[in-house]
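Chain residues, written in single-letter form:
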Amino acid sequence: MKNMTMLHARHKDPFADAIKGADYDVQDNLVHIRIQQRNGRKTLTTVQGLSADYDLKKIVRACKKEFACNGTVIEHPEYGEVLQLQGDQRENICQFLTKSGLAKPDQLKVHGF
């Protein structure tokens, strides 16, 4: 039993941030940018956490034109309205959001491989 507690003490829980509770849910308006694997080499980039004050459909329209990709706004039951863009657009969307003033660089949190 001693070895098991030593093992747990040395290794950091990768999901500790997700389990922290109510304090962690108040996230200072973080914008989460994630990449999801579809099939084969196809990927989706999702952007969650933009303010509801912005017209997300106009943001998607501008992103589609600038990045030459397709995209849409979906309604997620847990996260609310989420932007979806085709391909790995993580770097492009970070630059776009900071350049347009929609988010500050310290508000962006990029997830993915």
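Treat the numbers as computed from the prediction; the structure is a model and nothing was measured. (Residues numbered from 1 in each chain as written. Predicted model: local features only at pLDDT ≥ 70, side-chain atom pairs only at ≥ 80, totals over all residues. Heavy atoms only, no water.)

Participant: Tell me about the nonpolar core, residues and numbers included.
Facilitator: One broad rule of soluble globular proteins: the nonpolar side chains tend to lie buried together. Counting 19 residues, the largest nonpolar core has I93 and L97 as its most contacted members. Put simply, the parts of the chain that give this core at least two residues each are β1 (31-37), α4 (56-67), β4 (80-86) and α5 (90-100). Here this core takes five residues from α4, the largest share from any one element. (Core = buried A, V, L, I, M, F, W, Y, C linked by side-chain atoms within 4.5 Å. Buried < 20%, exposed > 50% of the residue type's maximum accessible area, 1.4 Å probe, protein only. Helix = DSSP H or I, 4+ residues; strand = E, 2+ residues; numbered from the N terminus.)

Participant: Mind laying out the pattern of salt bridges, listing which residues take part and the relevant values?
Facilitator: Counted by the stated rule, this structure contains two salt bridges. A salt bridge links K99 to E66, with the nearest nitrogen and oxygen atoms 3.4 Å apart. With a gap of 33 residues between them, K99 in helix α5 and E66 in helix α4 connect regions that are remote in the sequence. Linking R90 and D88 is a salt bridge whose minimum nitrogen-to-oxygen distance equals 2.9 Å. On the accessibility criterion, R90 (14% relative accessible area) is buried. For D88, a relative accessible area of 41% gives the class partly exposed. (Salt bridge = Lys/Arg side-chain N within 4 Å of Asp/Glu carboxyl O.)

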